[in-house]
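Below, each chain spelled out in residue letters.
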Amino acid sequence: MALAHERVFGQRAEAIIYPEASYKAYIETYGCQMNFADSELVAGILQTTGYTFTPSPEEADLILINTCAIREHAEEKIWQRLKYFASIKRQRSHLIVGVLGCMAERLKKKLLEEEPVVDLIAGPDSYRHLPQLIRQVESGTKAIHVLLSREETYADMAPLRLSPHRVSAYISIMRGCNNMCSFCIVPFTRGRERSRPWESIVQEVEGLAKAGYKEITLLGQNVDSYNDRGLRFAQLLSKVAEAAPNVWIRFATSHPKDMLDDVLETISLYPNLTPYIHLPVQAGSDAVLERMNRGYSAEWYIQRIEAIRRYLPEAVISTDIIVGFCGETEADFEETLSLMRTVRFDSVYQFMYSERPGTLAARRYADDVPPQVKQERLERVIALAQAISLERNQAQLNSQQRVLVEKPSRRDPNDLAGRTFSGRAIVVRGAAAFAQPGDILSVNVTGASSATLIGYAASSN
Ligand code: SF4
């Protein structure tokens, strides 16, 4: 994702400023929704200091890359991008290059030492300090701020919304995570859990509704442990639903050990709370779940799924699955496949275990499942997941769905892409002729693949 901006301050800038010249920044983001929300926050902070934005790094005076550290592969991409930014810097010597996010927090000053193109490092809790860090680089020294905070929620800072269409927006309701899943780097890169004051969340929701946004996604590593002065997630959902009754409300990510029935009941009571639940299971074997330190059993997980379907029969349920975790036997893996056959997820995000330095798993267990076995298991999960997703989507044939149009279809410019109220991806044939992003259409479902539904608009309302 790329942005554009400009600013004027500091010694070096004045030396090269022309009267109407402006400095531009470019932000590139990798990883999870939380990182995209953080990039909007960073853009908002830069804008308050006079920046504007450019969609191309070649034009930028400031490049910020917001990184992910969840898997080895995610970091490899960043090293490549930094090499490219170095080539730009050879043409634009005043260019400032900064690394933000989880990789910045994980590697800290090692990034400055290993990659000379990098001038600035800021971790996920350090964005408030960005203007001062940039001034420090302006005055000729490298800058780094990677202190994790127990308080920081950026509640008083307004993100700059970046999506071209005022349709969907993210709101971070909390930061950090207190769980210590043994494979996960997040507690080390995003710190301890802290919930944002509900008043500031509701205020932001009201602002987005007034600005015409149609969908808001509340974000947290584990939304079920939201706790603001005793106000829990179900109560927050009620307040948000009441604050913007015409806006579709989604949230991610839930945790099986903490997701209580009151959240499900609350969703069933409000017509604008969407029945979409992302509930990562990670594995189907209790032995593996134990080593992952997930805090629940496969049986408990299935009971949570049954509770979801009891309160929300139309619910769309997605999950995360890791294959090839330390010590995973073929029998353990079969239990993952068996759980998938029992639950029948609408969609699955599947990953091969990638050892992350510093995590509990890296300290306790050998990464002993051979890469080719991980690959083979990944392919078996993908094949089963797709077969079940197709079955789940085909069950929607001949149904009528409320669809929020998000963007033009990638495949056919006559079509528009969007999501049903319950969160299924859908393409509306020929809708570009009479509808646009932000419209809510009533659509007859006429086709289905494992990834998306196909339909025709019955009417636009
Ligand atoms: S719940 Fe577990 S997997 Fe998710 S962010 Fe927290 S530690 Fe990582």
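One can find the structure itself at the top, above this paragraph.
K.L.:
For this particular structure, what's the right way to read the side chain of Glu215?
P.N.:
As for its position among the elements, Glu215 is in strand E10 (residues 215–219). Here Glu215 falls in the buried class, since its relative accessible area comes to 5%. A distance of 2.7 Å separates the side chain of Glu215 from the side chain of Ser168, its partner in a polar contact. Non-local contacts of Glu215, meaning those with residues more than four positions away in its chain, are made with Val167, Ser168, Ala169, Val247, Trp248, Arg250, Leu404 and Glu406.

K.L.:
Even after reading the chapter, I still don't get a negative patch on the surface, so can you show me in this structure?
P.N.:
Taken together, the side chains of Asp286, Glu290, Glu299 and Glu335 make up a negatively charged region of the molecular surface. Its location among the elements puts Asp286 in helix H11 (residues 286–291).

K.L.:
Sorry if this is basic, but what is going on with the site of the ligand here?
P.N.:
Around the ligand, the surrounding shell consists of Cys177, Asn179, Cys181, Phe183, Cys184, Val186, Pro187, Gln221, His255 and Arg294. Partitioning the shell around the ligand into residue classes produces 6 nonpolar, 3 polar and 1 charged.

K.L.:
Would you take a moment to explain the packing of aromatic side chains for this structure?
P.N.:
Centre distance and the angle of the planes are the two values used to describe a pair of aromatic rings. Following the criterion strictly, the structure yields 9 aromatic pairs and no others. Geometrically, the ring pair formed by Tyr84 and Phe85 is tilted, given 6.3 Å between the ring centres and 55 degrees between the ring planes. Given a relative accessible area of 32%, Tyr84 falls into the partly exposed group. On the basis of relative accessibility, which here comes to 0%, the residue Phe85 falls in the buried class. Both rings, one in Phe325 and one in Tyr365, keep their centres 6.3 Å apart while their planes meet at 75 degrees; by these two values the pair is edge-to-face.

K.L.:
Even after reading the chapter, I still don't get the packing of helix H8 (residues 198–210) against helix H9 (residues 233–243), so can you show me in this structure?
P.N.:
In helix packing, the relevant descriptors are the interaxial angle and the interaxial distance, both defined with respect to the helix axes. Contact geometry of H8 with H9 gives a least axis separation of 9 Å together with a crossing angle of 25 degrees. One finds that H8 runs roughly parallel with respect to H9. You can see that H8 and H9 cross each other, and the crossing is right-handed. In this structure, H8 contributes Trp198, Ile201, Val202, Val205 and Glu206 to the contact, and H9 contributes Leu236, Lys239, Val240 and Ala243. Partitioning the contact of H8 with H9 into residue classes produces 7 nonpolar, no polar and 2 charged.

Reading the values: rules and limits
- Numbering of residues starts from 1 in each chain and follows the order in which that chain's sequence is written.
- Thresholds applied to this predicted model are a pLDDT of at least 70 for local features of residues and 80 or more for the giving and counting of side-chain atom pairs; totals over whole chains, interfaces and linings are not thresholded and use all residues.
- In computing side-chain properties, one takes all heavy atoms of the structure into account and sets aside hydrogens as well as water.
- Think of it this way: any DSSP run of H or I at least four residues long counts as a helix, any run of E at least two long counts as a strand, and we number them from the N terminus.
- The cut-offs for exposure are 20% and 50% of the maximum accessible area for each residue type, with area from a 1.4 Å probe on protein chains only; residues under the lower value are buried, those over the upper are exposed, and the others partly exposed.
- Two N or O atoms form a polar contact when they lie within 3.5 Å of each other; inside protein one atom must be a possible hydrogen donor and the other a possible acceptor, and for residues adjacent in sequence the pair counts only when both atoms belong to side chains.
- A contact between two residues is defined here by any heavy atoms of the two lying within 4.5 Å.
- Patch members must show over 30% relative accessible area and no salt bridge, and they are joined within 9 Å when carrying like charges or within 5 Å when they are nonpolar side chains of Val, Leu, Ile, Met, Phe, Trp or Tyr.
- To measure how exposed things are, a 1.4 Å probe is used in the Shrake-Rupley method; for residues, cover is taken only from the protein chains shown.
- Salt bridge, as applied in this entry: a Lys or Arg side-chain nitrogen positioned within 4 Å of an Asp or Glu carboxyl oxygen.
- Residues scored as positive are Lys and Arg, those scored as negative are Asp and Glu, and His as well as the terminal groups of each chain are ignored.
- The atom standing in for a charge is NZ when the residue is Lys, CZ when it is Arg, CG when it is Asp and CD when it is Glu.
- Proximity is defined per residue: if any heavy atom of the residue lies within 4 Å of a molecule or strand, that residue is considered near it.
- Residue classes follow a fixed rule: Ala, Val, Leu, Ile, Met, Phe, Trp, Tyr, Cys and Pro count as nonpolar, while Asp, Glu, Lys and Arg count as charged, and any other residue, Gly among them, counts as polar.
- Note on ring pairs: Phe, Tyr and Trp rings are taken, using the six-membered ring of Trp, and paired if centres are within 6.5 Å. Classes follow the plane angle, with under 30 degrees stacked, over 60 edge-to-face and the rest tilted.
- Only C-alpha atoms enter the line fits that serve as axes; for helices the fit covers just the stretch in contact. Angles between N-to-C directions range over 0 to 180 degrees.
- Reported orientations rely on four angle classes, namely roughly parallel under 35 degrees, roughly antiparallel over 145, roughly perpendicular from 65 to 115, and oblique for the rest.
- Two helices that cross are described as forming a left-handed crossing if the nearer one is turned anticlockwise from the farther one by less than a right angle, and a right-handed crossing if clockwise.

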